[in-house]
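# Results of the structural survey
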Amino acid sequence: MELNASIKYLKGVGEKRAAMLAKLGIFTLWDLLTFYPRTYEDWSKITSIKNAPMNETVCIRAIVGAPCREARIRKGMTLYKTEVTDGEMLLDITFFNNPYSAKKLEQGKEYLFFGKITGKGYFRSMNSPDFVETDGTGGIRPIYPQTAGMNSRAIEKLIKTAFEYTAKPQDPIPEEIRNSYCLMGLYDALRNIHFPKSEDLLSEARRRLIFEELFLLELGLLRMKTKARQSTALSMARDYTQEFFELLPFELTGAQKRAIAEAAADMLQGVPMNRLVQGDVGSGKTAVCAALIYNCAKNGYQSALMAPTEVLAMQHYKTLAKFFESTDITIGLLTGSTPAAEKKKIKAALKSGEINLVIGTHALIQKDVEFSNLALAVTDEQHRFGVNQRNSLHSKGKNPHTLVMSATPIPRTLALIIYGDLDLSILDEMPKGRQKTETYLVTPDIRERAYAYIKKHLCDGRQGYIVCSLVEEGETSELTAANELFKKLSDGFFKGFKLGLLHGKMKSAEKKAVMDAFSDGEIQLLVATTVIEVGIDVPNAVIMVIENAERFGLSQLHQLRGRIGRGSEKSTCILISEADETERLNVLASTTDGFKIADEDLKLRGPGDFFGSRQHGLPEMKIANMMTDGEAIKETRAAAEKLLKNNPALAGEDFDLLRKAVNRLFSGGSMN
Ligand code: ADP
Ligand code: MG
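Procedures and definitions
- Residues numbered from 1 in each chain as written.
- Chains lettered and ligands numbered in written order.
- Predicted model: local features only at pLDDT ≥ 70, side-chain atom pairs only at ≥ 80, totals over all residues.
- Heavy atoms only, no water.
- Salt bridge = Lys/Arg side-chain N within 4 Å of Asp/Glu carboxyl O.
- Helix = DSSP H or I, 4+ residues; strand = E, 2+ residues; numbered from the N terminus.
- Buried < 20%, exposed > 50% of the residue type's maximum accessible area, 1.4 Å probe, protein only.
- Core = buried A, V, L, I, M, F, W, Y, C linked by side-chain atoms within 4.5 Å.
- Contact = heavy atoms within 4.5 Å.
- Pairing = 2+ DSSP bridges.
- Polar contact = N/O pair within 3.5 Å; in protein donor to acceptor, adjacent residues only side chain to side chain.
- Axes fitted to C-alpha atoms, helices over the stretch in contact; angles between N-to-C directions.
- pLDDT = per-residue confidence, 0-100.
- Patch = residues over 30% accessible without salt bridge, like charges linked within 9 Å, V, L, I, M, F, W, Y side chains within 5 Å.
- Areas by Shrake-Rupley, 256 points an atom, 1.4 Å probe, with all protein chains shown as cover.
- Expected span 1.5 Å × (residues − 1).
- Near = heavy atom within 4 Å.
- 1 Å grid on protein atoms, 1.4 Å probe; cavity = no way out; pocket = protein on both sides within 12 Å on 5 of 7 lines; lining within 4 Å.
- Sits in = over half its atoms within 2 Å of the grid points.
- Nonpolar A, V, L, I, M, F, W, Y, C, P; charged D, E, K, R; others polar.
- Domains from an automatic or database assignment.
- Points joined across faces, edges and corners; volume = space filled by probe spheres on them.
- Phe/Tyr/Trp six-rings, centres within 6.5 Å; stacked < 30°, edge-to-face > 60°.
- Lys NZ or Arg CZ within 6 Å of the ring centre and 35° of its normal.

Counted according to the given criterion, the structure contains 33 salt bridges. Ionic pairing is found between Arg 208 and Asp 171, a salt bridge with its closest N-O pair at 2.8 Å. Of this pair, Arg 208 sits in helix α7 (residues 199-230) while Asp 171 is found in the loop between α4 (152-165) and α5 (175-180), placing the two residues 37 residues apart along the sequence. Per residue, the accessibility class of Arg 208 equals that of Asp 171, and both read buried.

Structural data, given as structure tokens:
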């Protein structure tokens, strides 16, 4: 069978199992072969029953000495018992409510039993062991992530079958490179990652597969970078950013000025800028991009600013319109819910060049959005977008300058990979006069006191947020949770105050109305879901209560908290959570440093959760771990640089498969 054949044609699969496998992301035979074990069980070290340590997982080789007996000990609980021996000692084997396993054991046959032994003296037993016949699979056995209806053993069996029926995959890494880095061939690596012949072969297989993943990734990123550097850009004839400073109601921080100067210098060159502005929440990234947009417009070119949410796009529109009030810069707003007629008008104006700046969501990267002379593409909160989306905006112009902005602090090795194709400006300074936001952790029983504290601030003319528990954006329950809390509070504790409700399911006009009312101070207290997580900027809001804080990641809480403490006033954030969560959440109470919080988050949750599945916008890794495989990252980076230096296009027959594999990994992007 072909490697890209649908999994449902594999012996033992069929429609029903194919649907279960789809839940694990397995659609083709290749997906199955690259569905790597989560961990392994070592069935190669056999212990005698007598010498087996208690309560530790061990492997015993023993013969079944008795037929299976059934004992109903109470309603709903039946035991299935038998006895086995290794010639030296007896061992009771017990299964609970599991006749299926128990009855597979045949008297007189020898098996390997894998489980924990308990008991004293001569009375030893093993409950619910895993087992195989001794002539079956022993050795190091794979354990796979499971799904409902498919356990690890079932998947193991399918993978065995797949190896039987599929052709050997071709190795994308040319032999020459394999030799110089001592890498196992692809087929051997696949066999040994699933069914390792020894620990050594397993680690060689792992090394090889990790190398491949990272190598392809590095090649792709480096090629993107080189390609960008080679193209010519619309260069700015003059730097007008100083002029823009006069338009601002505040003095920029040193860090903001530095970032602007770095980017403005890039834009004077004939080479496209490719720059990341990284700054913690509240560091003032919007003003930085505004300066560059101004510069671009004054030079006669168009800019685009893309934000991940509609709420944020609308806010940027408002902010920039204010900054540019006294100029002749024209701005359009384009989101998924812009009315059709309006959309048409904006698109036409963009194409003709009447509009200098368009602000919007993903709507900006739709096919029919065309520009007259796009020279600057800005992506805000870039970690919310994939590499491909970043590239799509980019491809709307002829090599426009690219600026991406993000508040997500990331550790160094990761930065190298994730932003490997970008230059970096860091905003490491907060605007003057900011006070540190105080953060308190309280249990639900003193919620009323927290509310009373909000009330006091509202009476003082301040505003606040109540963030209700996280439910994935897009789910209907988000709406219910937010609605209910809103009703309860408006009719109850906050009766007589002006409350607003904001959640992701609202129509765009409603969202806008609520956001406007909140920023104009007409709404005093905003009950919201995580739609406010990114970007929202209302400096008069000085208090925030977060319900069920334990449901959020630390970095996300930090982002949410970044909605307050944006003015000169002291702000307070109150996290409501059950007592047993305090340790984790205390990190937030003790620091406002985004880098520290991200580090803790990584330690506590691991990189997978931290970045979410696609938070970093890179292709998903199946085996490499960007946090722990630091050495492999360095090695593959060097290998990729070396190869591209000699063969930038990966030309030649030997590199056919490699080139294709890189392109596949980045498919949908601007690589070819
Ligand atoms: P973020 O980096 O989180 O996107 P914003 O650009 O939204 O931050 O800025 C946060 C707030 O700080 C806004 O209200 C903005 O107007 C204000 N601000 C930005 N730069 C300065 C500055 N240099 N001095 C005073 N306030 C500033
Ligand atoms: Mg922002």
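Another point: the nonpolar core. Nonpolar side chains tend to gather and get buried jointly when the protein is soluble and globular. Within the largest apolar cluster, 44 residues are counted, with the highest numbers of intra-cluster contacts made by Phe 244, Leu 292, Leu 320, Phe 324, Leu 376 and Leu 403. Elements supplying a minimum of two residues to this core: α8 (241-245), α9 (254-268), α10 (285-298), α11 (310-323), β13 (331-334), β14 (357-360), β15 (374-379) and β16 (401-406). Here this core takes 10 residues from α10, the largest share from any one element. Dropping the residues within four chain positions of it, Leu 403 is found in contact with Met 273, Arg 275, Val 277, Cys 289, Leu 292, Leu 376, Ala 377, Val 378 and Thr 379. Residues Leu 3, Ala 5, Met 150 and Ala 162 belong to the second largest nonpolar core, which totals 43 residues.

What follows deals with the pairing of β16. Burial of β16 is extensive: six of the six residues sit out of reach of the surface. Here β16 shows two buried faces, one formed by His 401, Leu 403 and Met 405 and the other by Thr 402, Val 404 and Ser 406. Pairing analysis gives five bridges linking strand β11 (residues 274-279) to β16, with the strands arranged parallel. Bridge assignment links Arg 275 to a residue of β16, and that residue is Leu 403. The pairing of β15 with β16 spans four bridges and is classified as parallel.

Turning our eyes to something else, we now look at the side chain of Asp 171. Owing to a relative accessible area of 17%, Asp 171 belongs among the buried residues under this scheme. Within the local environment of Asp 171, its side chain forms a polar contact with the side chain of Arg 178, the two groups lying 3.0 Å apart. One polar contact links the side chain of Asp 171 to the main-chain amide nitrogen of Leu 186, over a distance of 2.8 Å. Once residues within four sequence positions are removed from consideration, Asp 171 is found in contact with Arg 178, Met 184, Gly 185, Leu 186, Arg 208 and Leu 657.

The subject of this paragraph is the sheet that holds strand β20 (residues 499-502). If you walk across this open sheet you meet the six strands as β18-β23-β22-β19-β21-β20, and the pairing is parallel. Each having just a single partner strand, β18 (438-442) and β20 make up the two edges of the open sheet. For this sheet, the mean inter-axis angle between neighbouring strands, taken without regard to orientation, is 20°. Relative to strand β23 (residues 572-576), β18 runs parallel, the two sharing five bridges. Residue Glu 438 lies in a different strand from β23, and its bridge partner there is Thr 572. Along the sheet, helix α18 (residues 554-561) contacts β18, β19 (463-467), β22 (541-546) and β23; its crossing angle with β22, the most-contacted strand, is approximately 150°.

Let us look at the confidence of the model for the protein. When pLDDT is low, close inspection of the predicted coordinates is not appropriate. For the protein, the average pLDDT comes to 87, and 91% of its residues sit at 70 or higher. Below pLDDT 50 for its whole length, residues 607-616 participates in 22 contacts with residues either more than four positions away or in separate chains. Low pLDDT, under 50, characterises residues 668-672; the stretch is placed with 15 contacts to residues that sit more than four places away or in other chains.

A few words now on the sheet that holds β13. Read across the sheet, seven strands follow the order β13-β14-β12-β15-β16-β11-β17 without closing on themselves; strand pairing throughout is parallel. Either end of the sheet is taken by a strand with one partner, and the two such strands are β13 and β17 (423-427). Recorded for the sheet is a direction-independent mean angle of 20° between the axes of neighbouring strands. The pairing of strand β12 (residues 302-306) with β15 spans five bridges and is parallel. Across the sheet, Gln 302 pairs through a bridge with Leu 374, a residue of β15. Taken strand by strand, α10 contacts β11, β12, β14, β15, β16 and β17, and its axis lies near 175° from that of β15.

So, about a nonpolar patch on the surface. Together, Met 1, Tyr 9 and Tyr 165 give the surface a local cluster of nonpolar side chains, amounting to about 320 Å² of exposed area. Taking the relative accessible area as the measure of exposure, Tyr 165 reaches 34% and is therefore partly exposed.

Compared with the 16 Å implied by 1.5 Å per residue over 12 residues, the 16 Å span of helix α17 (residues 508-519) between its first and last C-alpha is a close match. Taken together, the buried positions of α17 are Ser 508, Lys 511, Val 514, Met 515, Ala 517 and Phe 518. Taken together, the buried residues of α17 touch α11, β19, β20, β21 (525-528) and β22. Residue Gly 521 follows α17 closely and has a positive phi angle near 85°.

To continue, consider the site of ligand 1. Lining the immediate surroundings of ligand 1 are 17 residues, of which Gly 282, Lys 285, Thr 286, Arg 434 and Asp 537 lie closest. The backbone of Gly 284 places a nitrogen or oxygen atom 3.0 Å from an oxygen atom of ligand 1. Residue Thr 286 places a side-chain N or O atom 2.6 Å away from an oxygen atom belonging to ligand 1. Considered on its own, ligand 1 offers 570 Å² of accessible surface; in the complex 87% of this is hidden by protein. For ligand 1, the cavity whose grid points lie within 2 Å of the majority of its atoms is the second largest pocket. Residues belonging to the shell around ligand 1 are distributed by class as follows: five nonpolar, six polar and six charged. Here the shell around ligand 1 spans two domains, since at least three of its residues come from each of domain 2 (241-427) and domain 3 (437-591).

Gaps left between atoms are located by rolling a probe of water-molecule size over the structure's atoms. The volume enclosed by the second largest pocket comes to roughly 1,200 Å³. Lining the second largest pocket are 46 residues; nearest its centre among them are Phe 250, Thr 319, Phe 323, Asp 537 and Pro 539. Of all elements in the fold, only α10, α11 and α17 reach the threshold of two or more residues within the lining of the second largest pocket. If you tally residues by element for the lining of the second largest pocket, the top one is α11, at 10 residues. Partitioned by chemical class, the residues of the lining of the second largest pocket number 15 nonpolar, 15 polar and 16 charged.

Turning next to the packing of aromatic side chains. Evaluated as defined, the whole model comprises 20 aromatic pairs. Ring geometry for Tyr 111 versus Phe 113: centroids 5.9 Å apart, planes at 50°, classification tilted. When the ring of Phe 244 is compared with that of Phe 323, the centres are 6.0 Å apart and the planes differ by 80°; the resulting orientation is edge-to-face. Residue Phe 244 is located in helix α8, and its partner Phe 323 is located in helix α11; the two are separated by 79 residues in the primary sequence. The class of Phe 323 is buried, set by a relative accessible area of 10%. Over the face of the ring belonging to Phe 163 we find Arg 191, whose NZ or CZ atom lies 4.4 Å from the ring centre.

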